[in-house]
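Here is what each chain is made of, one letter per residue.
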Amino acid sequence: MSALFEEEVLKVRHWTDRLFSFTTTRSPSFRYENGQFTMIGLPVNGKPLLRAYSLVSPNYAEQLEFLSIKVQEGPLTSKLQHLKVGDKVLVGKKATGTLLIDNLLPGRNLFLLGTGTGLAPFLSIAKDPAAYERFDKIVLVHGCRFANELAYADEIENSLPNDELLGEEIRAKLLYYPTITREPFRNGGRITAALASNKLTDTLGLAPLEATQDRVMVCGSPAFLSDITELLRARSFIEGSSNEPGSYVIEKAFVER
Ligand code: A2P
């Protein structure tokens, strides 16, 4: 049995000249948890060329959605960025990953901290009914260089609150904090700085981040992960896993260099 599904592209959305997303069919037997990633790719010279991609779509969705950067010399994304409706993509049958709410202890507020395409896994978590059952607030934080890189901002701000299934929970509990580092914006500066100064929690009217109460998921570049891990450890946060849930979990955003 092949380890890959072949899915059909249903929609492609170009956010910027460096960022795009696409939707595909979903084989009914494909199962995953919100926050997980799987391998996706294209056949190149007769062999599958695959990279890890987080699932943007929640695990109950009928279609799959992925967010990707475009790298002109990237072995996969140089090709993937030209996807058109009707094209086929390969999707790994086995999803995996550490960004699971089951890897976290129960808590007060859940902070989802993503830079760049590190936002992707948090979109499926922001649509997970279990997240709203377990936490008082879900704080979705997205850090980018420029405002046009805030993918899905309109959906987060305008569609999610009217979601058929979760709209009421989302209106009551989901807080969105986009922050931009390289041009003026209503929230400016890096996520790490906004947390260190408590600006992020102050702006949202929340108590400062605190390890006994709050839970954190992190996804982004290696430099971001390293700095945020240092900040969280200094505040007594402990990394969780499937064996031992903790107060935070991290995963690197799967960026093709
Ligand atoms: P900055 O513009 O100050 O580098 P990238 O596109 O390089 O992955 O960056 C996405 C966002 O993550 C940018 O806003 C960037 O800020 C920020 N960023 C990069 N490195 C770090 C880091 N070590 N800690 C916090 N934020 C970071």
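The following refers to the structure shown. Please read all numbers here as calculations on a predicted model, not as lab measurements.

1. Some remarks on the environment of Ala 234
Mapped onto the secondary structure, Ala 234 falls in helix 8 (residues 222–234). Sequence separation between Ala 234 and Thr 201 is 33 residues; the distance between their C-alpha atoms is 17 Å.

2. A word on the site of the ligand
Lining the immediate environment of the ligand, one finds Thr 115, Gly 143, Cys 144, Arg 145, Thr 181, Arg 182, Arg 190, Thr 192, Ala 223, Phe 224 and Asp 227. Arg 190 has a polar side-chain atom sitting 2.8 Å from an oxygen atom of the ligand. The separation between a nitrogen atom of the ligand and a polar main-chain atom of Ala 223 is 3.2 Å. Across the complex, the protein chains shield 82% of the 550 Å² of accessible surface that the ligand would expose by itself. Applying the majority rule of atoms within 2 Å of the grid points places the ligand in the largest pocket. Looking at the shell around the ligand element by element, the count peaks at three residues for helix 8. For the shell around the ligand, the class distribution of residues is three nonpolar, four polar and four charged.

3. Section: the sheet that holds strand 6 (residues 88–92)
Strands sit in the order 4-3-6-1-2-5 across an open sheet of six strands; the sheet is antiparallel. In this open sheet, the two edge strands, each paired with only one partner strand, are strand 4 (47–54) and strand 5 (64–69). Along the sheet, successive strands turn relative to each other by an average axial angle of 40 degrees, direction set aside. Where strand 3 (residues 37–44) meets strand 6, two bridges bridge the pair, whose relative direction is antiparallel. Following the sheet pairing, Gly 41 is matched in strand 6 by Leu 90.

Criteria and thresholds
- Residues numbered from 1 in each chain as written.
- Predicted model: local features only at pLDDT ≥ 70, side-chain atom pairs only at ≥ 80, totals over all residues.
- Heavy atoms only, no water.
- Helix = DSSP H or I, 4+ residues; strand = E, 2+ residues; numbered from the N terminus.
- Near = heavy atom within 4 Å.
- Polar contact = N/O pair within 3.5 Å; in protein donor to acceptor, adjacent residues only side chain to side chain.
- Areas by Shrake-Rupley, 256 points an atom, 1.4 Å probe, with all protein chains shown as cover.
- 1 Å grid on protein atoms, 1.4 Å probe; cavity = no way out; pocket = protein on both sides within 12 Å on 5 of 7 lines; lining within 4 Å.
- Sits in = over half its atoms within 2 Å of the grid points.
- Nonpolar A, V, L, I, M, F, W, Y, C, P; charged D, E, K, R; others polar.
- Pairing = 2+ DSSP bridges.
- Axes fitted to C-alpha atoms, helices over the stretch in contact; angles between N-to-C directions.

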